[in-house]
Every structure is written in C-alpha cells, then in structure tokens.
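Architecture and fold: a report
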Amino acid sequence: MLTPNRMKNPKADPHREIKAIYAELERRLLPRQCVMRTGCCHFRIAGHTPLLTRGEALHTAQGVRASGRKILKPHPDGACPLLGRDGRCTVYAHRPFGCRTHFCAGAGGMYPRKHVADLIQRLEALDEQLGGHGSRPLEAAVSAALDEM
Ligand code: SF4
C-alpha cells in the first residue's frame, strides 16, 4: 500500500497511467517483432538491466503479487528474477517500459528515443507525483515496491 505522505499527489493512480502509457506505446506500430526470445532478460548477456520509474515498479509488483509471489528470488543464471524456469516472463502483461522498448537485435533493436520521448516524460512525471527518485534497476525497484504492498 502506498503511504500517502510519500506521494506528492495522493490522487495519482499509478496503474491507470502506466496502462495508458503502455497502450499508447502499442498504438505506435513501430516495426518490431518480439517473439519472446528473452535475450534481453539475460542481463549479463544483454549487457543491460532495465531501469524502472516508481510507477512501473508498482505496476510490475502488482503482476508479481498476482502470480502469487511476495518477494523476488534471484534467477540461478543471473537473469531477470521475473524470468520463469520455463524461459518465459512471469509478468509479461505487467512488464516494464524498458522491456517493451529494448528489443534484441533479432527482434529489430531498441526503439529510437525520439519515438518514445514523450512517453518517457510521462513516466518521469508520474515518478515525481508518486514521490519517486528517478529510475532504479529492476530488482531493487520491484523489491522495494513489493515491500510497500
Ligand atoms: S520483466 Fe519480464 S520481459 Fe522484462 S527482463 Fe524480466 S523477464 Fe524479461
């Protein structure tokens, strides 16, 4: 549960705005084909870890809770802790913005920032409304969000 004193705007609904941002991203129809190769989920191989704003972290944490988990457990291969043992994302519908825009080379590559800059600004604005402090690495951001629920 979000503590009201941490939120600059207590009326902000992170899930509604996050879903609206993700829906807008899907409407852009940029030529990418994610076929769930999960290459980007293996952080050591991909060379990057998704960074989440507070709203994204809360929304992803909601997906973790919906799957029946209360905490994140490290992946044995050092991959994303949300990558299932079956090799699929366990929170695909709730996955963060970075997972929706950092496509592997085989899927067409990363979205150019200029095509999504306005959506990043909306994520940052929501982060501020929610009393966030900017983007944080996925595991730390989602774990902190789970602790608050
Ligand atoms: S949240 Fe899902 S899509 Fe994103 S890196 Fe983790 S397993 Fe992959």
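Residues numbered from 1 in each chain as written. Predicted model: local features only at pLDDT ≥ 70, side-chain atom pairs only at ≥ 80, totals over all residues. Heavy atoms only, no water.

Some details on the pattern of salt bridges
- Scanning the model with the defined rule gives seven salt bridges in all.
- For E17, the salt bridge identified is with R122, shortest N-O distance 3.1 Å. Here the residue E17 occupies a position in helix α1 (residues 14–27), and R122 occupies one in helix α5 (residues 113–129), the gap between them amounting to 105 residues.
- A salt bridge links R54 to E148; the nearest nitrogen and oxygen atoms lie 3.0 Å apart. Highlighted residues: R54 in helix α3 (residues 54–66) and E148 in helix α6 (residues 138–148), separated in sequence by 94 residues. (Salt bridge = Lys/Arg side-chain N within 4 Å of Asp/Glu carboxyl O. Helix = DSSP H or I, 4+ residues; strand = E, 2+ residues; numbered from the N terminus.)

Quick word on the confidence of the model for the protein
- Taken as a whole, the protein shows an average pLDDT of 88; of its residues, 89% reach a score of 70 or greater.
- Across the protein, the element-wise mean pLDDT spans from 82 in helix α2 (residues 43–46) up to 97 in α3. (pLDDT = per-residue confidence, 0-100.)

A closer look at the nonpolar core
- Ranked by internal contacts, the top residues of the largest apolar core, which has 33 residues, are V64, C80, L82, F97 and V142.
- Listed by contribution, the elements that provide at least two residues to this core are α1, α3, α5 and α6.
- Apart from the residues within four sequence positions on either side, V64 is in contact with R69, L72, L82, V91, V142 and L146. (Core = buried A, V, L, I, M, F, W, Y, C linked by side-chain atoms within 4.5 Å. Buried < 20%, exposed > 50% of the residue type's maximum accessible area, 1.4 Å probe, protein only. Contact = heavy atoms within 4.5 Å.)

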